[in-house]
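Inside the fold
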Amino acid sequence: PDRRGDDLATPDYEQPMQDDLLWVYEGLTNYLGFVLTARSGLLTNDQDRDDLALTAARLDHLPGRTWRNLQDTADAAPQLYFAPQAWYSWRRGTDFYDEDTLNWLWVDVIIRQQSKGAKSIDDFCHLFHGAPSTGPVLKTYTFDDVVNTLNQVVAYDWRGFWNERLTNHGPGAPLGGIEGSGWKLVYDETPSEMEKNAESKGTDASNSIGLELHDDGRIVDTIEGMPAAVAGIGPGMKLIAVNGRRYSPEVLKDALKAGKHSTEPLELLVENTEYFKTYKLDYHDGERYPHLVRDESKPDLLSEIYKAK
């Protein structure tokens, strides 16, 4: 059967679709893609964890959640799908994909904890997407259907869980699934293999000074509340020089590293249309790249999730 949110199923093209339940339709699919990538061996466990760390870090530095909750990203999907990269951190985008990777991981962890390892998200999927086997058919679902099916797997306040996940304003990303699975999000100065691949078309200093830019210096976005945005730098500007040296990704990274051992501000010469200005950032924490590390005080449920069937 084709499982589709009740308000997403319309009898004809004249009836507008409503997308309240995209956190299931797309979010659960995104989580299953993350799980199956590891189970199938397309990525190693280390690579899949590093990919999860990148997702968690990006969502953990998302000031837009202070005014736009996750449910609203689903409701606004028709507009957000075509929104530009500029101002993403303040506007938010189609976060019902990536953020619900974290949320459904949390669900998986709760199921495993409550059932003492006897059940998992797989059991939910068997009930929700499985039997009875039929020919092609559209089978819709509501919020209540999701909650009731989860309760068939393990009894829990699933309604309260999802209401909180969909309507909260942070602070920070929903890391309960990562932490409950026996891992912690940390930052260091060494980019992971997945980070290096993600940076193939630009430079990501979002976790340090809150700056994302193309290799030619064009600024894609700045993260509100972090040093670059606080100084006055914004999307559409162009980074010309760092501490008096012509900008390149390597020059910026070298300056971030050197700043850990200096009290001098980081100086960024920025072009804004036909104007040039030097911005001074009081930043001395070096490069910051996300990773997951084991929390030995908890069972390693994430590795259990990754095990092939």
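Up top is the structure these notes are about.
Quantities reported herein were computed from a predicted structural model and do not represent experimental measurements.

Examining helix 7 (residues 98-114)
Helix length check: helix 7, at 17 residues, gives a terminal C-alpha distance of 25 Å against a target of 24 Å (1.5 Å per residue), a fit within 8%. Two residues or fewer past helix 7, Lys116 is found with a positive phi of approximately 55°.

Topic: the nonpolar core
If you look at the biggest cluster of nonpolar residues, it comprises 47 residues, and the most contacted ones within it are Trp104 and Phe124. Counting residues per element, this core draws most heavily on helix 7, at seven residues. For Trp104, the contacting residues outside a window of four places in its chain are Trp23, Val24, Gly27, Leu28, Tyr31, Ile121, Phe124, Val146, Leu150 and Trp162. By size, the runner-up hydrophobic cluster in this structure holds 21 residues, among which are Ile209, Ala228, Tyr247 and Leu256.

Describing the packing of helix 2 (residues 27-39) against helix 3 (residues 45-60)
One way to put it is that helix 2 packs onto helix 3 with a least axis distance of 9 Å and a crossing angle of 160°. As far as their axial angle goes, helix 3 and helix 2 are roughly antiparallel. Regarding helix 2 and helix 3, the two cross each other, and that crossing is right-handed. Two secondary-structure elements touch here, helix 2 through Phe34, Thr37 and Ala38 and helix 3 through Asn45, Asp48 and Leu52. Tallied by class, residues from the contact of helix 2 with helix 3 come to three nonpolar, two polar and one charged.

What to know about the environment of Trp104
Residue placement: Trp104 occurs in helix 7. By relative accessible area, Trp104 is classed as buried at 0%.

Parameters at a glance
Residues numbered from 1 in each chain as written. Predicted model: local features only at pLDDT ≥ 70, side-chain atom pairs only at ≥ 80, totals over all residues. Heavy atoms only, no water. Helix = DSSP H or I, 4+ residues; strand = E, 2+ residues; numbered from the N terminus. Expected span 1.5 Å × (residues − 1). Core = buried A, V, L, I, M, F, W, Y, C linked by side-chain atoms within 4.5 Å. Buried < 20%, exposed > 50% of the residue type's maximum accessible area, 1.4 Å probe, protein only. Contact = heavy atoms within 4.5 Å. Axes fitted to C-alpha atoms, helices over the stretch in contact; angles between N-to-C directions. Parallel < 35°, antiparallel > 145°, perpendicular 65-115°, else oblique. Left-handed = near helix turned anticlockwise from the far one by under 90°. Nonpolar A, V, L, I, M, F, W, Y, C, P; charged D, E, K, R; others polar.

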